[in-house]
Every structure is written in C-alpha cells, then in structure tokens.
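# Structural overview
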Amino acid sequence: MTTFEHAMLGITLTMVTGVQKTQGWAVVLMAAPAAALADWDGLSILFGGEAYSRVHRVWGHNILLAGTSGALVGMLGYLVYLSARVRRYAFRLVPETNPIPTVEFSQRNMVCWMLVGMLAALCHLPADMIFSGHKEMTPWPIQPFWPFSDQGFVWPLVSWGDLTATMLFIATMFARSEEHTSELQSHSFISYAVFCLK
C-alpha cells in the first residue's frame, strides 16, 4: 500500500469505531499520520537500494515501533488539539462553526487518543502483509517481531498498486458521510483531494 492508502485506512477504521462522537473530528485526522508513520523506514532509499531492501519493512514495520510511535502520535495529537493557538487557527479556517469551545486536559481522553493512534499504526502491518508483490516483483515480507525475531510474514492477496483498496476507502468515507454530518463530508473531500494529488 502507498502512504496515502495507509492514511486513508487509518481514517476509515477510526470513523468506523465512532470515536469521533466523543473525541471530536481531530482524532480522525490524527489517525492518518499515525497509520502512515511506519513508512518512515522507507527514507532508507536515500542511502541506496541495498540499504532500502534491508531497512524498509523492518525498522518501522514491527509491532514494537509501530505501536509505540502510534501511541506517541496520539499523545502529541491530543496535546496539539488542546492548544489554544492551534484551536484558534483551526476555527479561523472553518468560519461557520460556533465559538471556540474550551477543552480541558483529561487523562482518559489522552489514553483514548493514544490507543487510537496505536491501533491506526498497527493496522499498517497486516495491510502491508496483504498488499505485497506485483507480477514483476516478488512478495516482500515484513518482520513484525523485529528486533526479537527476523522471521518475515507475507500473504500477497492484492498486488501492490491496486487501486481497488483506494476506491473502497474513498467510497466508505463518502458512505459514512451520508450517515453523519456535513463535517464528515468535508473530511472525506479532503481525503479525496489527497488521493487525486497522489
């Protein structure tokens, strides 16, 4: 899967849980970078093809680092969400909303955001196990238990680059927008715009 598809998967899974009803839409937006963050190890391409083949799908694509980084993104996202400066700026972008509500720190809410971030990040691993390989490439396993085990896993059910998943994510977001508010429609539109830029 591409980074954008991972982000859409995180958004879609978060919306399916309905956590935005209690935590607000910012938690859905936070799930996108949390779900895509495991691809940071792809930056190893800057050090050549051999480094990329050894590092990508290993360093960031494991339960330990994906879960930890997702929880940290959730915590940081919650703290940014509480920031008065960020909230003022966000409400300036959407002028038809009500005055800026005050939000107080809550350990329970922060743990919820951390769990959402962690689960969004962990959804990256099975997605990459399933979306692997291509008619011109061999399947590329991930090592979910690294650094404790080098055993790789892959179930190449869908070839890399298949647009079916992307279209399903977009359709799901638009379908969910019919069930809920116009606020979700704007988030779906943003996701669609990101897909088109891809």
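As a starting point, this report considers the structure included with it. (Residues numbered from 1 in each chain as written. Predicted model: local features only at pLDDT ≥ 70, side-chain atom pairs only at ≥ 80, totals over all residues. Heavy atoms only, no water.)

### Considerations on the packing of helix α1 (residues 3-17) against helix α3 (residues 26-36)
Heads up, the rule is: Here, axes are lines fitted to C-alpha atoms. For helices the fit covers the stretch in contact, and angles between N-to-C directions go from 0 to 180 degrees. Segments assigned H or I by DSSP are reported as helices when at least four residues long, segments assigned E as strands when at least two residues long, and all are numbered from the N terminus. Each angle is binned into one of four classes, with values under 35 degrees roughly parallel, values over 145 roughly antiparallel, values of 65 to 115 roughly perpendicular, and all other values oblique. For any helix crossing, the convention is left-handed if the near helix is rotated counterclockwise from the far helix by under a right angle, and right-handed if that rotation is clockwise. Residue contacts are counted whenever heavy atoms from the two residues lie within 4.5 Å of one another. When residue character is reported, Ala, Val, Leu, Ile, Met, Phe, Trp, Tyr, Cys and Pro are called nonpolar, Asp, Glu, Lys and Arg charged, and the others, Gly included, polar.
The interhelical angle for the contact between α1 and α3, taken along N-to-C directions, is 140 degrees, at an axis separation of 7 Å. The angle between α1 and α3 places the two elements in the oblique class. Considering the relative orientation of α1 and α3, their crossing is right-handed. When α1 is examined against α3, the residues T3, H6, A7, G10, I11, T14 and M15 are found in contact with a partner set consisting of V27, V28, A31, A32, A35 and A36. Tallied by class, residues from the contact of α1 with α3 come to nine nonpolar, four polar and no charged.

### Digging into the pattern of salt bridges
Put simply, the rule is: Within this document, salt bridges are pairs made up of a side-chain nitrogen of Lys or Arg and a carboxyl oxygen of Asp or Glu, the two lying within 4 Å of each other.
Enumeration according to the criterion identifies two salt bridges in this entry. When the shortest N-O distance is used, the salt bridge between R54 and E50 registers 3.9 Å. Linking R54 with E50, this pair stays in helix α4 (residues 49-55), spanning four residues, or about one helical turn. A salt bridge links D128 to R57; the shortest N-O distance between them is 3.6 Å. Of the two residues, D128 is situated in helix α8 (residues 124-130) and R57 in the loop between α4 and α5 (63-82); the sequence distance between them amounts to 71 residues.

### With respect to a nonpolar patch on the surface
For clarity, the threshold we go by: Here, patches come from residues exposed beyond 30% relative accessible area and free of salt bridges, joined within 9 Å for like charges and within 5 Å for nonpolar side chains (Val, Leu, Ile, Met, Phe, Trp, Tyr). Areas reported as accessible are Shrake-Rupley estimates using a 1.4 Å probe. Residue values count occlusion only from the protein chains shown. Remark: exposure states derive from per-residue accessible area (1.4 Å probe, protein chains only) relative to the maximum for the residue type, with buried under 20%, exposed over 50%, and partly exposed in between.
A cluster of nonpolar side chains, contributed by W40, W59, L64, L65 and F148, occupies part of the molecular surface with about 550 Å² of accessible area. Here L65 lies in helix α5. Given the relative accessible area of 34%, L65 is considered partly exposed.

### Let's talk about the side chain of H61
We apply this condition: Any pair of N or O atoms that falls within 3.5 Å is considered a polar contact. Within protein, one atom must be able to donate a hydrogen and the other to accept it, and sequence-neighbouring residues count only if both atoms are side-chain atoms.
When you line up the elements, H61 lands in the loop between α4 and α5. Of the residues examined, H61 reaches a relative accessible area of 0% and is grouped as buried. A distance of 3.1 Å separates polar atoms of two side chains, one belonging to H61 and the other to H124. When neighbours within four sequence positions are excluded, H61 is seen to be in contact with A38, D39, D41, H56, H124, L125, D128, I142, Q143 and P144.

### Quick word on the nonpolar core
Put simply, the rule reads: Only buried residues count toward a nonpolar core, which is a set of Ala, Val, Leu, Ile, Met, Phe, Trp, Tyr and Cys residues joined through side-chain atoms within 4.5 Å.
Counting residues in hydrophobic clusters, the biggest one holds 25 residues, and the most contacted among them are V27, V28, M30 and V116. Tallying contributions element by element places α3 first for this core, with eight residues. When neighbours within four sequence positions are excluded, M30 is seen to be in contact with V73, G74, G77, W113, V116 and G117.

### A look at α1
Because each turn of an α-helix spans 3.6 residues, side chains separated by three or four positions end up pointing in the same direction. What counts is decided by this rule: A helix is expected to reach a length of 1.5 Å times the quantity of its residues less one.
Taking 1.5 Å of rise per residue, the 15 residues of α1 would be expected to cover 21 Å, and the 22 Å separating its terminal C-alpha atoms lies within 8% of that figure. Among the residues of α1, those classed as buried are E5, H6, A7, M8, L9, G10, I11, T12, T14 and M15. Immediately beyond the C-terminal end of α1, within one or two residues, lies G18, with a positive phi of roughly 80 degrees.

### Quick word on the packing of α3 against α5
What describes two packed helices is the angle between their axes and the distance between those same axes. The N-to-C vectors of α3 and α5 enclose an angle of 145 degrees; their axes lie 10 Å apart at closest approach. Note that α3 runs across α5; the crossing there is right-handed. Two secondary-structure elements touch here, α3 through A26, M30 and A34 and α5 through V73, G74, G77 and Y81. Classifying every residue of the contact of α3 with α5 by side-chain character gives five nonpolar, two polar and no charged.

### Remarks on the packing of aromatic side chains
Our working definition: The aromatic pairing rule takes the rings of Phe, Tyr and Trp, using the six-membered ring of Trp, and pairs them if the centres are within 6.5 Å, calling planes under 30 degrees apart stacked, those over 60 edge-to-face and the rest tilted.
What the rule picks out here adds up to seven aromatic pairs. Judged by centre distance (6.1 Å) and plane angle (85 degrees), the ring pair of F145 and F153 falls under edge-to-face. A relative accessible area of 42% places F145 in the partly exposed class. Three or more aromatic residues joined by ring pairs make a cluster, and in this case those are Y78, Y81, F105 and W113.

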